[in-house]
Amino acid sequence: RYKSNEDLWRLWYVLLRERNMLNTMRFACRTSKRTMPNYGRLKKVKKSMGRIQNVWWDRANLKFANLQQEQRRKQEKARIDAIEYRRAKLLEKREQIKAIFFDYVDKASKSGQDTQHLYPEFIKLRKKSFNRKYIIDEAMKPKPSLASSEPVSIPSDLLIIIQKGIDRNLAITV
């Protein structure tokens, strides 16, 4: 994968000659009805040639992907340029219309006509504030405690802590 295309082509042709030589030897051995020596060399050559082809496929796919990305980038740039051109033209038309309008307003005010009705009135729309209505269940309402006139059973240890707090507050205020 780190070799240049030129080196890969050289290697490819070396392997191609080797494969042709091995196939010639194989067919010669077959006609003389004997086994070919080192048959594994032919498999290795085919495997190497397949790997070189994979490298070429990968490079071709990368090149194609880069070309597509470059084309998409150019199309996007052309689209943005067209939008900017249309925007500039619209702004130019807007400025022309404003100039015509203000020329008309100047002429009308010089002739003594009322021009106030030509300007739009801006009405501030107040956003509606939504009053949220919560559904409060009886279980969610606060329970009556010390403030109620009903007798409430408070645990004795909690009652001692509350009494100490009340005594401290009375001592500080006096």
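Residues numbered from 1 in each chain as written. Predicted model: local features only at pLDDT ≥ 70, side-chain atom pairs only at ≥ 80, totals over all residues. Heavy atoms only, no water.

## A closer look at the packing of aromatic side chains
Thinking step 1. Summed over all chains, the structure comprises four aromatic pairs.
Thinking step 2. Their ring planes at 70° and their centres at 5.3 Å tell us that Phe101 and Phe102 sit as a pair that is edge-to-face.
Thinking step 3. A cation sits over an aromatic face here: Arg26 above Phe27, 4.9 Å from the ring centre. (Phe/Tyr/Trp six-rings, centres within 6.5 Å; stacked < 30°, edge-to-face > 60°. Lys NZ or Arg CZ within 6 Å of the ring centre and 35° of its normal.)

## Remarks on helix H1 (residues 5-31)
Thinking step 1. Spanning 27 residues, H1 covers 38 Å between terminal C-alpha atoms, matching the ideal 39 Å at 1.5 Å per step.
Thinking step 2. All of the buried residues along H1 are Leu8, Trp12, Leu15, Leu22, Asn23 and Cys29.
Thinking step 3. Contacts made by the buried residues of H1 are with helix H2 (40-110).
Thinking step 4. Backbone geometry just after H1 places Lys33 at a positive phi near 55°. (Helix = DSSP H or I, 4+ residues; strand = E, 2+ residues; numbered from the N terminus. Expected span 1.5 Å × (residues − 1). Buried < 20%, exposed > 50% of the residue type's maximum accessible area, 1.4 Å probe, protein only. Contact = heavy atoms within 4.5 Å.)

## Focus: the pattern of salt bridges
Thinking step 1. The full count for this structure, using the stated rule, is seven salt bridges.
Thinking step 2. Arg41 is paired through a salt bridge with Glu18; the nearest N and O atoms lie 2.3 Å apart. With Arg41 in helix H2 and Glu18 in helix H1, the pair connects residues that are 23 residues apart, well separated along the chain.
Thinking step 3. What makes Glu18 partly exposed here is its relative accessible area of 24%.
Thinking step 4. Between Glu95 and Lys98 there is a salt bridge whose closest N-O contact spans 3.9 Å. In this pair, Glu95 and Lys98 are both assigned in helix H2, three residues apart and thus about one turn of the helix distant.
Thinking step 5. Residue classification places Glu95 among the partly exposed positions, given a relative accessible area of 47%.
Thinking step 6. By relative accessible area, Lys98 is classed as partly exposed at 34%.
Thinking step 7. Through salt bridges that share partners, Glu6, Asp7 and Arg10 make up one connected network. (Salt bridge = Lys/Arg side-chain N within 4 Å of Asp/Glu carboxyl O.)

## As for the packing of H1 against H2
Thinking step 1. Across the interface, H1 lies against H2 with an axial gap of 9 Å and an inter-helix angle of 150°. The pairing of H1 with H2 is recorded here as roughly antiparallel in orientation. Read as a crossing pair, H1 and H2 show a hand that is left-handed.
Thinking step 2. Looking at the contact of H1 with H2 residue by residue, the classes come out as 14 nonpolar, four polar and six charged. (Axes fitted to C-alpha atoms, helices over the stretch in contact; angles between N-to-C directions. Parallel < 35°, antiparallel > 145°, perpendicular 65-115°, else oblique. Left-handed = near helix turned anticlockwise from the far one by under 90°. Nonpolar A, V, L, I, M, F, W, Y, C, P; charged D, E, K, R; others polar.)

Worth remembering: the numbers are spatial, not functional.
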